[in-house]
Structures are given as C-alpha cells and as structure tokens.
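# Observations on chain architecture
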Amino acid sequence: MLLRTFPAGNSALVALVIQLTWYVAQSSGGEQKQSVTQKLKHRNNGLFDKIVRKEVPCDFLHEDDLCVAFDDINPQAPEHFLVLPKKKIVSLSLAADEDAKILGHLMIVAKKVAAKKLIRNYRVVVNNGWEAVQFSGHLHLHVLGGRPLHWPPG
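Report on the accompanying structure. (Residues numbered from 1 in each chain as written. Predicted model: local features only at pLDDT ≥ 70, side-chain atom pairs only at ≥ 80, totals over all residues. Heavy atoms only, no water.)

## Some remarks on the overall build of the protein
When helices and strands are tallied, the protein shows 4 helices and 5 strands. For the protein, the N- to C-terminal ordering of α and β elements is α-α-α-β-β-β-α-β-β. Taking all 154 residues of the protein together, 33% fall into the buried category. The contacts of the protein with a sequence gap of at least 6 include a subset with a gap of at least 24, amounting to 56%. Here the protein has roughly 9,700 Å² of accessible surface; of this, 58% comes from carbon and sulfur atoms. (Helix = DSSP H or I, 4+ residues; strand = E, 2+ residues; numbered from the N terminus. Buried < 20%, exposed > 50% of the residue type's maximum accessible area, 1.4 Å probe, protein only. Contact = heavy atoms within 4.5 Å. Areas by Shrake-Rupley, 256 points an atom, 1.4 Å probe, with all protein chains shown as cover.)

## Some remarks on the pairing of strand E3 (residues 79–85)
For E3, the tally of buried residues reaches 6 of 7 residues, placing the bulk of the element in the interior. Looking at chain direction, strand E2 (residues 67–71) and E3 are connected through 5 bridges and run antiparallel. Among the inter-strand pairings, cysteine 67 is bridged to a residue of E3, identified as proline 85. Looking at chain direction, E3 and strand E5 (residues 141–145) are connected through 5 bridges and run antiparallel. From the neighbouring strand, phenylalanine 81 faces E5, where its bridge partner is valine 143. (Pairing = 2+ DSSP bridges.)

## Digging into the sheet that holds strand E4 (residues 122–125)
The strand order E1-E2-E3-E5-E4 describes an open sheet built from 5 strands, whose pairing is antiparallel. At either margin of the open sheet sits one strand with a lone partner, and together these are strand E1 (60–63) and E4. Pairs of neighbouring strands in the sheet enclose a mean axial angle of 15°, with direction left out of account. Packed onto the sheet, helix H4 (residues 100–116) meets E1, E2, E3, E4 and E5 and runs at close to 150° relative to E3. (Axes fitted to C-alpha atoms, helices over the stretch in contact; angles between N-to-C directions.)

## Overview of H4
The terminal C-alpha atoms of H4 lie 24 Å apart, and with 17 residues this matches the ideal 24 Å at 1.5 Å per residue to within 8%. Taken together, the buried positions of H4 are occupied by Ile102, Leu106, Val109, Ala110, Val113 and Ala114. For H4, the buried positions fall inside an angular range of 130° around the axis, keeping them on one side. Residues Lys101 and Lys112 are exposed on H4 and point more than 90 degrees away from its buried face. (Expected span 1.5 Å × (residues − 1). Arc of directions from axis to C-beta.)

## Observations regarding the nonpolar core
Residues Phe81, Val83 and Leu106 are the most contacted members of the largest nonpolar core, which totals 15 residues. For this core, the secondary structure elements donating two or more residues are E2, E3, H4 and E5. At 6 residues, H4 tops the list of elements feeding residues into this core. Other than its neighbours up to four places away in sequence, leucine 106 contacts Cys67, Val83, Leu84, Pro85, Leu139 and Leu141. Residues Ile51, Val52, Phe70 and Leu84 belong to the second largest nonpolar core, which totals 7 residues. (Core = buried A, V, L, I, M, F, W, Y, C linked by side-chain atoms within 4.5 Å.)

## Comments concerning the packing of aromatic side chains
Enumeration according to the criterion identifies 3 aromatic pairs in this entry. Ring geometry for phenylalanine 48 against phenylalanine 70: centres 6.1 Å apart, planes inclined by 65°, an arrangement best described as edge-to-face. Of this pair, phenylalanine 48 sits in helix H3 (residues 47–52) while phenylalanine 70 sits in strand E2, and the two are 22 residues apart along the sequence. Overall, phenylalanine 48 belongs to the buried group, its relative accessible area being 13%. Using a relative accessible area of 5% as the deciding quantity, one classes phenylalanine 70 as buried. Relative to phenylalanine 70, the ring of phenylalanine 60 has its centre 6.4 Å away and its plane inclined at 50°; by these criteria the two rings are tilted. (Phe/Tyr/Trp six-rings, centres within 6.5 Å; stacked < 30°, edge-to-face > 60°.)

The values reported here are purely geometric and, on their own, carry no functional implication.
Right under this line is the structure:
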C-alpha cells in the first residue's frame, strides 16, 4: 500500500518522502534492500551530510570535532533533537570497532544537550535499517522528551 496515514503535525513533504521511501523498501526484495544500504555507504550528499559540511543552514545545539546536535524539524515529542557524528557512519550495524569512541561520545553529547535544555527524562533511539525506519544514510541518535514516553515504543 503506497499511501499510509501519519500523525497530525507532520509536514506533507516529510510524509511524502517517508511514504515513497517506505514503498520502495517494501517493493524491493531483501537483496535489493541490502544493495540500497551498501549504496548509502558511498553516498555523501544526503541531508545530514550537507548539514555536517554546513552546506545547509542549521542552528546547532552543540558542535565539536566529532559531532553536531540540532532540533529535529519533525519533532515526535515536545523535545526532540538529533545527535550525529561528523564522520560518515551509515548505520549502527555497519559501524566499525574503531567507531566505539565516536558512538560513546554521541551518548555523552546527548546527555549534555538534554541537561542544557533542562530535559530530565528522555529516550535515546537509534534506528537501524529499513524496517526500523532508518531512511537516512547517516547514523544519528534521536533524543525525545518533554512528555511521558510509553513502553513498548513501537
């Protein structure tokens, strides 16, 4: 099914991109999904790549040598920001052992930005793969808070 409904408040453009990406992923076989993931590994012109290179304007909540953090443009909670490494890591499953320092640093930055924004209770999410709704080719943390979060999340 191509058309899916999304919660109120999502922009039409974001919803359309998600729908089209979902449709392509669903209509592709597992082998094609894997090749898409491998292609993302070499793609350097995604939105997050451009944000890291400062080709797209962005108000950073945090920036250092290893990562950036900024508010999500399509928040799923009153507080929703992203933390992503400057180094291109496509997904958690494709992270190398030597990325451990960067991955740990992302968590520490998430904690610091949450404290700066006075968010006491929050959830950190990493989507990995098409079926987990990872549509970008750049690993990132979602930090959500500002309201009660229920379990299970899906």
